[in-house]
Amino acid sequence: MEDVLVVNQTNIERTDEQVTSDGKRLRMISTEERGLSNSRNMLLKNAAGDIAILGDDDLIYLDGYLDKIQKAYQEHPDADIIAFSFTESLTQNTRRQFKTARKLNIFTISKVASVELTFRTKPISDADIFFCPLLGLGAKYGACEENAFLADALRAGLTIWYVPETICYLRPDPPGRMKWQQGFNEDYFVKRGACFYRIYRKAFALFSIAFILLKKRSIFRDVPIVSAWKWMCEGRKLYQKDEEEQECS
């Protein structure tokens, strides 16, 4: 049984493996390849366990988190993917989407963060689902890679559950943490448009207009709604062009 698999973005190509005294297997894949989605795809290709957990170096897992995950999959045997909850620190309230466990759909996957995700590796592999290299930190469009991943899973007929159990917390602003959002400007809306198209496809206009209307009192105080719509459509067009050149559909 594999316990930990780490992808380390560095300047060498190498795989190191160690087995601890209690039989736990640790592997680290060092690679020159850059981009969050590329690293996660490398994890998908090399994962050996039945259930995978997406982790980052700024997470701390809570005591008993493995028991919570195993229990959730036992209680929801139809689940291919289960999203849990996390908090920014141990002293803050946990970020919860819903108060009770429920299945997620295309309307409810948008708030899921990658650090909440766990999944059965075989259904993901069988359906050939991966993280889009055009999305995520270090990529052209910066974010939403987990939401596109979940949308692809739904289109492939996989079942996604949300369980309101806290499994980890995110350390507040550790050194080196990248941030993709730099204010609500043209760049933000272009990237948002690209992300919305990748996630919602033919329903791009519906979800984009809904987003604009729902956020008009906060995001759009200083940005004209017409400009936001224009930039989001530009992002869709740019993504469509990039998608033709990369295997990211």
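Everything numeric here is computed off the predicted structure, so don't read it as measured data.

Cut-offs used in this document
Residues numbered from 1 in each chain as written. Predicted model: local features only at pLDDT ≥ 70, side-chain atom pairs only at ≥ 80, totals over all residues. Heavy atoms only, no water. Salt bridge = Lys/Arg side-chain N within 4 Å of Asp/Glu carboxyl O. Helix = DSSP H or I, 4+ residues; strand = E, 2+ residues; numbered from the N terminus. Buried < 20%, exposed > 50% of the residue type's maximum accessible area, 1.4 Å probe, protein only. Expected span 1.5 Å × (residues − 1). Arc of directions from axis to C-beta. Contact = heavy atoms within 4.5 Å. Patch = residues over 30% accessible without salt bridge, like charges linked within 9 Å, V, L, I, M, F, W, Y side chains within 5 Å. Areas by Shrake-Rupley, 256 points an atom, 1.4 Å probe, with all protein chains shown as cover. Polar contact = N/O pair within 3.5 Å; in protein donor to acceptor, adjacent residues only side chain to side chain. Phe/Tyr/Trp six-rings, centres within 6.5 Å; stacked < 30°, edge-to-face > 60°. Lys NZ or Arg CZ within 6 Å of the ring centre and 35° of its normal.

Novice: Residue-level account of the pattern of salt bridges, with values.
Specialist: Tallied over the entire structure, the rule returns 11 salt bridges. Residues Lys 103 and Asp 78 are paired through a salt bridge, measuring 3.4 Å at the closest nitrogen-oxygen approach. Of this pair, Lys 103 sits in strand 7 (residues 102–103) while Asp 78 is found in the loop between helix 2 (65–75) and strand 6 (81–87), placing the two residues 25 residues apart along the sequence. Classification of Asp 78 by relative accessible area gives partly exposed; the value is 35%. A salt bridge links Glu 243 to Arg 201, with the nearest nitrogen and oxygen atoms 2.7 Å apart. Taken as a pair, Glu 243 in helix 7 (residues 225–245) and Arg 201 in the loop between helix 5 (186–200) and helix 6 (204–215) lie far apart in primary sequence, 42 residues in all.

Novice: Lay out helix 6 in plain terms, naming residues and giving numbers.
Specialist: Along its 12 residues, helix 6 runs 16 Å from first to last C-alpha, staying within 8% of the 16 Å computed at 1.5 Å per residue. When we look at burial in helix 6, the residues that qualify are Phe 204, Phe 207, Ser 208, Phe 211 and Ile 212. Each buried residue of helix 6 sits inside an arc of 135° when the element is viewed along its axis, so together they form one side. The exposed residues of helix 6 that point more than 90 degrees off its buried face are Leu 206 and Leu 214. Buried residues in helix 6 make contact with helix 5 and helix 7.

Novice: Residue-level account of a nonpolar patch on the surface, with values.
Specialist: Residues Val 4, Val 6 and Met 28 make up a contiguous nonpolar surface patch of about 190 Å² in total accessible area. Within the fold, Val 4 resides in strand 1 (residues 2–9).

Novice: Describe the side chain of Thr 118, listing the residues and the values that go with them.
Specialist: Relative to the helices and strands, Thr 118 resides in strand 8 (residues 117–120). For Thr 118, a relative accessible area of 0% puts it in the buried group. A polar contact is formed between the side chain of Thr 118 and the side chain of Tyr 73, at a distance of 2.8 Å. For Thr 118, the residues in contact, after removing those within four places along its chain, are Ile 51, Ala 52, Ile 53, Ile 69, Tyr 73, Ile 81, Ile 82 and Phe 84.

Novice: Quick one: what's the story with the packing of aromatic side chains, residue by residue and with numbers?
Specialist: By the definition in use, this model includes 13 aromatic pairs. Here Phe 196 and Phe 211 contribute two aromatic rings whose centre-to-centre distance is 5.3 Å and whose plane-to-plane angle is 65°, an arrangement assigned as edge-to-face. Placement of the pair is Phe 196 in helix 5 and Phe 211 in helix 6, with a sequence separation of 15 residues. Note on Phe 196: relative accessible area 8%, which makes it buried. According to the relative accessible area criterion, Phe 211 is buried, its value standing at 12%. Linked through ring pairs, Phe 107, Phe 196, Tyr 200, Phe 207 and Phe 211 together constitute an aromatic cluster. Over the ring of Phe 131 we find Arg 40, and its NZ or CZ is 5.9 Å from the ring centre. Here the guanidinium or amino end of Arg 102 rests over the ring plane of Phe 98, the centre of that ring lying 4.0 Å away.

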